[in-house]
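Architecture and fold: a report
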Amino acid sequence: MRLRCIHDNQRRLIVTATVLFVPLMVSLLLAPVACTRIPEAPPPRLAPEAIPDVAFNQLFTRFGNGWTGGDGTLSMGLPDGRTLWLFGDTFLGHVRPDYSRPLDSPLIRNCLVIQDGEKLVSRHGGTIRDPVAFLVSEDPDTWYWPGDGAVWGNHAWIFFHRFRQVTPGMWGWAWDGTVIATLRLPDLVIERVTPVADDHGVAYGAALLEMDSWVYIFGTEQRGVIKYLHVARAAPDGLEGTWDYWTGHGWSAEAGASRATLEGVSSQFGVVRLGKKVGLVTMDERQPFSDRVVVYFAEAPTGPWQGPTEIYRAPEADTAVVAYNPFVHPQFSSRNGHLISYNINH
């Protein structure tokens, strides 16, 4: 397990940890972002052991010159070998040697970070002195947090979920819609932003999986405090076109026909192929604010899902600190497993 945490004595800092799961043990990195690896085949044992990932934590320990902390922590491998990291709430500015931040440190709602080897370059709007998010909502009362994305040819497609504050307090926001931003490669310039149909109240784009000549698009439906998993599919280059929706028995062109396939997933999660199976890595949100990172298994992206199998407990989580939204980073996969991240609101 790779572990690194940045503590902020003056402002809330979102920390991410990374974990590596291997057949006999699990390695976990805790930093401004959390990552984990799970074995491709066979599936992990029922009680794997987590081990911190020092290298990724060190890489994302930043003291200035762009991104210095954030959550979301999704990523996409680019055709030229670079990795595009997608962050939600992001701190810029500088971090003091004692890991504290000035009270006027800039905080923006989303940011891209391009990794080329050990070099990280931040991408956002505005200027260094007056930064704004990479993707800014036209409505000043709303903002975008990133979902998953995909790359085909010379374009990248990234899901962004729009939110608005509906009640006071840290958790007083609600999902307000989804768009897909189409970026030109290799310079990552936004060419267009396309709204996604949100019929049936499902926030699609939490995770994507390319499999069997389709792109499977996973989304969440919130009922009370519990989120339910839905899945749609599209042609590999057809995210902006028509989708099919899983009804529980087959596929339908009607979004309202979609039916949930799993209860208790995170707002964001990771889906990855594990040998002949599909693995879904999520916090165990059958009970809100769980500290358990778990994996479900299925023969197909539509389920039925078996599990959960606990693969890690976030040690930072307590009555004041929440661990949330793990994600799988397949471009860092190896024979030993897959890199996974989770976030900490501390």
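Concerning the confidence of the model for the protein
Per-residue pLDDT for the protein averages 85, and the proportion of residues at 70 or more is 85%. Highest mean pLDDT in the protein belongs to strand 22 (residues 262–263) (98); lowest belongs to strand 2 (residues 26–30) (34). Scored below 50 in pLDDT, residues 1–15 shows 96 contacts in the model against residues more than four places distant or in partner chains. The low-confidence segment residues 19–47 (pLDDT under 50) makes 180 contacts with residues lying over four places distant or belonging to another chain.

Some details on the pattern of salt bridges
Summed over all chains, the structure comprises 16 salt bridges. Across the pair D139 and R164 runs a salt bridge whose closest N-O atoms are separated by 3.1 Å. You can see D139 sitting in the loop between strand 12 (131–132) and strand 13 (142–152) and its partner R164 sitting in strand 14 (residues 155–165), a full 25 residues away along the chain. Here D139 falls in the partly exposed class, since its relative accessible area comes to 29%. Where D284 meets R292, a salt bridge forms, and the shortest distance between an N and an O atom there is 2.2 Å. Residues participating in the shared-partner salt-bridge network are D284, R286, D291, R292, E310 and R313.

Structural notes on unusual backbone geometry
Residue P304 follows G303 across a cis peptide bond; omega there is 0°. Assignment of secondary structure puts P304 in the loop between strand 25 (292–298) and strand 26 (306–313). Each neighbour pair has its own omega, and for G307 with P308 the value is 10°, a cis peptide bond. Tracing the backbone through its elements, the reader meets P308 in strand 26. Positive phi, close to 60°, is recorded for N65, a residue that is not glycine.

Structural notes on the packing of aromatic side chains
Taken as a whole and judged by the stated rule, the model has 22 aromatic pairs. Consider the rings of W145 and F163, whose centres lie 4.7 Å apart with planes at 45°: the pair is tilted. Highlighted residues: W145 in strand 13 and F163 in strand 14, separated in sequence by 18 residues. The burial state of W145 is the same as that of F163; both residues are buried. Centre to centre, the rings of W145 and W173 are 5.0 Å apart; their planes meet at 90°, and the pair counts as edge-to-face. With W145 in strand 13 and W173 in strand 15 (residues 173–184), the pair connects residues that are 28 residues apart, well separated along the chain. Note on W145: relative accessible area 14%, which makes it buried.

Thresholds applied
By convention here, each chain's residues receive numbers from 1 onward along its written sequence. pLDDT decides what is reported in this predicted model: residues at 70 or higher carry local features, side-chain atom pairs at 80 or more are listed and counted, and totals for whole chains, interfaces and linings draw on all residues regardless. Water and hydrogen atoms play no part in the side-chain values, which are based on all heavy atoms of the structure. The predictor's confidence in any single residue is recorded as pLDDT, a number from 0 to 100. A run of DSSP states H or I qualifies as a helix once it reaches four residues; a run of E qualifies as a strand once it reaches two. Both are numbered from the N-terminal end. Two residues form a contact once any of their heavy atoms are found within 4.5 Å. When a carboxyl oxygen of Asp or Glu is within 4 Å of a side-chain nitrogen of Lys or Arg, the pair counts as a salt bridge. Three labels apply to residues, based on accessible area from a 1.4 Å probe with only protein chains included: buried if under 20% of the type maximum, exposed if over 50%, partly exposed otherwise in between. A pair of aromatic rings is counted whenever rings of Phe, Tyr or Trp (Trp by its six-membered ring) have centres within 6.5 Å, and the orientation is called stacked for planes under 30 degrees apart, edge-to-face for over 60 and tilted otherwise.

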